[in-house]
Amino acid sequence: MTIWRPATHEIDPLLEAVANAARATILPSASINIPLPSADGIRSQRLRDGRELRLKLSTQYLERGQRGFCTVLVYALQGNAIVDNCMGYSVTGQALLDVASRAFLDVEFRLESVGPVMP
């Protein structure tokens, strides 16, 4: 059993925004402080540190599984992010949603830099 401990450092604003967007994409009712996507599916927002983020993220249901005592739904995450119209990232990962409580047990992803992008 894991024991809760307070955070030892502040989460990076970019990582926080991607994780929140993943939650809002899977469960639209979880969209706290998350802008709605535009008609083309791109979310634009200003991060806490002042950078501008444009994010296109899609999720796909993979499977229903068991994690400990919890029945979970596993979703794949995939997308692209552009920060300040100059640096591009590829987003891949997965999210675990508890069926009973509809709480996210985990949202993990990897941001891989794809380099500078042309405006």
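Whatever comes next refers back to the structure up there.
Residues numbered from 1 in each chain as written. Predicted model: local features only at pLDDT ≥ 70, side-chain atom pairs only at ≥ 80, totals over all residues. Heavy atoms only, no water.

**Observations concerning the overall build of the chain**
Next, step 1: The number of helices and strands found in the chain is 1 helix and 5 strands.
Next, step 2: Order of helices (α) and strands (β) in the chain, N terminus to C terminus: α-β-β-β-β-β.
Next, step 3: Computed over C-alpha atoms, the radius of gyration of the chain comes to 15 Å, within 12% of the 14 Å expected from 2.2 N^0.38 for 119 residues, which places it in the range of a compact globule.
Next, step 4: For the chain, buried positions account for 30% of its 119 residues.
Next, step 5: Across the chain, contacts joining residues at least 24 apart in sequence account for 46% of those joining residues at least 6 apart.
Next, step 6: For the chain, the exposed area adds up to about 7900 Å²; of that, 55% sits on carbon and sulfur atoms.
Next, step 7: When the 12 positive and 12 negative side-chain charges of the chain are each reduced to one mean point, those points stand 4 Å apart. (Helix = DSSP H or I, 4+ residues; strand = E, 2+ residues; numbered from the N terminus. Rg over C-alpha atoms; globule rule 2.2 N^0.38 Å. Buried < 20%, exposed > 50% of the residue type's maximum accessible area, 1.4 Å probe, protein only. Contact = heavy atoms within 4.5 Å. Areas by Shrake-Rupley, 256 points an atom, 1.4 Å probe, with all protein chains shown as cover. Lys, Arg positive; Asp, Glu negative; His and termini not counted. Charge placed at Lys NZ, Arg CZ, Asp CG, Glu CD.)

**Re unusual backbone geometry**
Next, step 1: At Asp 84, a position not held by glycine, the phi torsion is positive, near 55°.
Next, step 2: Note on placement: Asp 84 falls in the loop between β3 (70-83) and β4 (87-98).
Next, step 3: Using a relative accessible area of 38% as the deciding quantity, one classes Asp 84 as partly exposed.
Next, step 4: Even without a glycine there, the phi angle at Arg 102 is positive, about 60°.
Next, step 5: Among the secondary structure elements, Arg 102 is positioned in the loop between β4 and β5 (104-116).

**Topic: the pattern of salt bridges**
Next, step 1: All told, the structure shown has 6 salt bridges when counted by the stated rule.
Next, step 2: Its salt-bridge partner being Glu 16, residue Arg 48 comes within 2.8 Å of it at the nearest N-O pair. Separated by 32 residues along the polypeptide, Arg 48 in the loop between β1 (42-46) and β2 (52-67) and Glu 16 in helix α1 (residues 13-26) bring together distant segments of the chain.
Next, step 3: What makes Arg 48 partly exposed here is its relative accessible area of 48%. (Salt bridge = Lys/Arg side-chain N within 4 Å of Asp/Glu carboxyl O.)

**A closer look at the pairing of β1**
The side chains of a regular strand alternate, residue by residue, between the two faces of the sheet.
Next, step 1: Relative to β2, β1 is paired through 5 bridges, and the arrangement is antiparallel. Across the sheet, Ile 42 pairs through a bridge with Lys 56, a residue of β2.
Next, step 2: Count of turn residues in the β1/β2 antiparallel hairpin: 5 residues, of which Gly 50 carries a positive phi of about 95°. (Pairing = 2+ DSSP bridges.)

**Observations regarding the environment of Gly 41**
Next, step 1: Relative to the helices and strands, Gly 41 is located in the loop between α1 and β1.
Next, step 2: In this structure the C-alpha to C-alpha distance between Gly 41 and Ser 58, which are 17 residues apart in sequence, comes to 8.8 Å.
Next, step 3: When sequence neighbours within four positions are dropped, the list of residues in contact with Gly 41 reads Leu 55 and Lys 56.

**Here we look at the side chain of Gln 45**
Next, step 1: Position of Gln 45 relative to the elements: it lies in strand β1.
Next, step 2: Those residues in contact with Gln 45 that sit more than four places away from it in its chain are Ala 17, Pro 35, Arg 51, Glu 52 and Leu 53.

**Brief notes about the side chain of Arg 43**
Next, step 1: Here Arg 43 lies in strand β1.
Next, step 2: Buried charged residue Arg 43 carries no salt bridge. Nearest counter-charge: Asp 40, at 10 Å.
Next, step 3: With near-sequence residues (within four places) excluded, Arg 43 lies in contact with Ala 21, Ala 24, Thr 25, Ile 34, Pro 35, Leu 36, Pro 37, Leu 53, Arg 54 and Leu 55.

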